[in-house]
Amino acid sequence: MHELSLIASLFEILETQKEKEGFKKIIAVQLRCGLLSGVVPECLQTAFEIYKKDTLASEARLILEVVPVKFKCRFCGQIETAQDFPLICSQCQRSEVEILEGTELTLISLEVEG
Amino acid sequence: MSRKEITILEDLLSSNKKIAQDIRLYLKAKNIFSINLMSSPGSGKTSLIEKLIEELFPKHPIAVIEGDIETDLDAARIKAKGVPAWSITTGGACHLEARMIAQVLKEISEPTEFLFIENVGNLVCPASYDLGENLRFVLLSIPEGEDKPLKYPKAFLTAHCLVITKIDLIGLLSFDLEKVKEEARKINPHLAIFATSARTGQGVKELATYLLYQRKQWLETNA
């Protein structure tokens, strides 16, 4: 349960953006969350709701885009997506794979006012 | 009031990653090779470090950072071996972060060859935080059972080395060692795997040799 600590990092970025862009409040925060990012989306949502009180994002919505794991087989080059582990190439049944997507936890965009 | 959308594209862990990279460069300049140990509570991280100290120290100077939610009992165990140890009590946080490591780094005196960082006992959150380490260990003790690699894939995926601990208990419990190795390698085919016992000392010498070899390789690279 390190979601609160990640939300604290998110708010550091939001503060920096506020100074840079000069907006008054945040309406929406869009995050992309990979299935392998190590966070539970529901916990991230809860942590956001707790943290946002009395901040520039007190009325903001958190929009979470959950992305599956996308990987490439190092032997045959096949690219596929997975919901679960282990990551095994469906073509050659090997587990020597390179993860292309699904580990990210990225602040994509903000909708702001003022 | 005008509304607008601002594109950011910033990793939430970017500040941790940056500090971790600074730590990596700092330790490289001092030839200190660092190992981040992750496991469930009670897998034997401190006991493994104690055994590695017995094997390597004082020929190879060691420093230890102990991460715990409360108490500095683990650091006291390490200090009893004559090795400098620092305790980071996270006060509830379930993992160590790079900034916590950065705070004690300057206190580590030279020459130190190995820095062991014992993470908070947890197989989930520590996996997401780079501490600037050179090697990541994941420990799995025999009483924990065989299903850990599939239940906690990220810890096994990001580790370089799996240390199966309390191997002396294998005859008492139904634990299929070969099955665990196979499943761990399905998650991460590059895992080095060792089986150790802090009670009998089994496998500790091999693990120490592996560490010496890894450090030697690292000293020869500029990365």
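The coordinates are above.
Counting residues at the interface gives 34 residues for chain A and 30 residues for chain B. Interface of chain A and chain B: buried area, both sides summed, is about 2800 Å²; carbon and sulfur atoms make up 62% of it. On the chain A side of the interface with chain B, the three residues burying the most area are His 2, Phe 85 and Glu 113 of chain A, jointly 17% of the side's total. Seen at the junction of chain A and chain B, the total is 3 salt bridges.

Time to look at the packing of helix 1 (residues 3-21) of chain A against helix 2 (residues 41-51) of chain A. Residue and element names in this part refer to chain A. Viewed as axis vectors pointing N to C, helix 1 and helix 2 meet at an angle of 55 degrees, and their least axial separation amounts to 9 Å. Here helix 1 lies oblique to helix 2, going by the angle between them. For the crossing formed where helix 1 meets helix 2, the hand is right-handed. Facing helix 1, whose interface residues are Glu 3, Leu 4, Leu 6, Ile 7, Ala 8, Leu 10 and Phe 11, helix 2 presents Cys 43, Leu 44, Ala 47, Phe 48 and Tyr 51. Its residues assigned to classes, the contact of helix 1 with helix 2 comprises 11 nonpolar, no polar and 1 charged.

All right, on to helix 2 of chain A then. Residue and element names in this part refer to chain A. Looking only at helix 2, the buried set comprises Leu 44, Ala 47 and Phe 48. Angularly, the buried residues of helix 2 cover 100 degrees about the axis, an arc narrow enough to put them on a single face. In helix 2, those exposed residues whose orientation departs by more than 90 degrees from the buried face are Glu 42 and Ile 50. If you follow the buried residues of helix 2, they end up packed against helix 1, strand 1 (25-34), strand 2 (61-67) and strand 6 (105-113).

Moving on, we get to the side chain of Ser 95 of chain A. Within the secondary structure layout, Ser 95 of chain A lies in the loop between strand 4 (79-82) and strand 5 (97-101). Apart from residues no more than four positions distant in its own chain, Ser 95 of chain A is found in contact with Leu 87 and Ile 88 of chain A together with Arg 185, Lys 186 and Pro 189 of chain B.

This part takes up the packing of helix 1 (residues 14-29) of chain B against helix 4 (residues 98-105) of chain B. All names here are of chain B. Taken N-terminus to C-terminus, the directions of helix 1 and helix 4 make an angle of 30 degrees; their axes are 8 Å apart at the nearest point. Read as a crossing pair, helix 1 and helix 4 show a hand that is left-handed. For the pair helix 1 and helix 4, the contacting residues are Asn 16, Ile 19, Ala 20, Ile 23, Tyr 26 and Leu 27 in the first and Ala 98, Arg 99, Ile 101, Ala 102 and Leu 105 in the second. Partitioning the contact of helix 1 with helix 4 into residue classes produces 9 nonpolar, 1 polar and 1 charged.

Residues and elements named next belong to chain B. Across the sheet, 7 strands lie side by side as 4-3-5-2-6-7-8; this open sheet has parallel pairing. Looking at which strands have only one partner, the edges of the open sheet turn out to be strand 4 (85-89) and strand 8 (192-195). Averaged over all adjacent pairs, the angle separating strand axes in this sheet is 20 degrees, with direction ignored. Here strand 7 (residues 161-165) pairs with strand 8 via 4 bridges, running parallel. In the strand pairing of strand 8, Ile 164 is matched with Ala 195. Set on the sheet, helix 4 makes contact with strand 3 (62-68), strand 4 and strand 5 (114-118); between it and strand 4 the angle comes to about 145 degrees. Sheet strands touched by helix 7 (residues 177-187): strand 6 (135-141), strand 7 and strand 8. Its angle to strand 7, the strand with the most contacts, is close to 160 degrees.

Let us now look at the sheet that holds strand 5 of chain A. All names here are of chain A. The strand order 4-3-5 describes an open sheet built from 3 strands, whose pairing is antiparallel. Whereas interior strands pair on both sides, the edge strands pair on one side only; in this sheet they are strand 4 and strand 5. When strand polarity is set aside, the average angle formed by the axes of neighbouring strands in this sheet is 35 degrees.

Now for a nonpolar patch on the surface. There is a patch of nonpolar side chains on the surface, built from Leu 4, Ile 50 and Tyr 51 of chain A and spanning about 270 Å² of accessible area. Along the chain, the position of Leu 4 of chain A falls in helix 1.

Scoring rules and cut-offs
Residues numbered from 1 in each chain as written. Chains lettered and ligands numbered in written order. Predicted model: local features only at pLDDT ≥ 70, side-chain atom pairs only at ≥ 80, totals over all residues. Heavy atoms only, no water. Contact = heavy atoms within 4.5 Å. Buried area = accessible area lost by both parts, 1.4 Å probe. Salt bridge = Lys/Arg side-chain N within 4 Å of Asp/Glu carboxyl O. Axes fitted to C-alpha atoms, helices over the stretch in contact; angles between N-to-C directions. Helix = DSSP H or I, 4+ residues; strand = E, 2+ residues; numbered from the N terminus. Parallel < 35°, antiparallel > 145°, perpendicular 65-115°, else oblique. Left-handed = near helix turned anticlockwise from the far one by under 90°. Nonpolar A, V, L, I, M, F, W, Y, C, P; charged D, E, K, R; others polar. Buried < 20%, exposed > 50% of the residue type's maximum accessible area, 1.4 Å probe, protein only. Arc of directions from axis to C-beta. Pairing = 2+ DSSP bridges. Patch = residues over 30% accessible without salt bridge, like charges linked within 9 Å, V, L, I, M, F, W, Y side chains within 5 Å. Areas by Shrake-Rupley, 256 points an atom, 1.4 Å probe, with all protein chains shown as cover.

Purely geometric numbers; function is a separate question.
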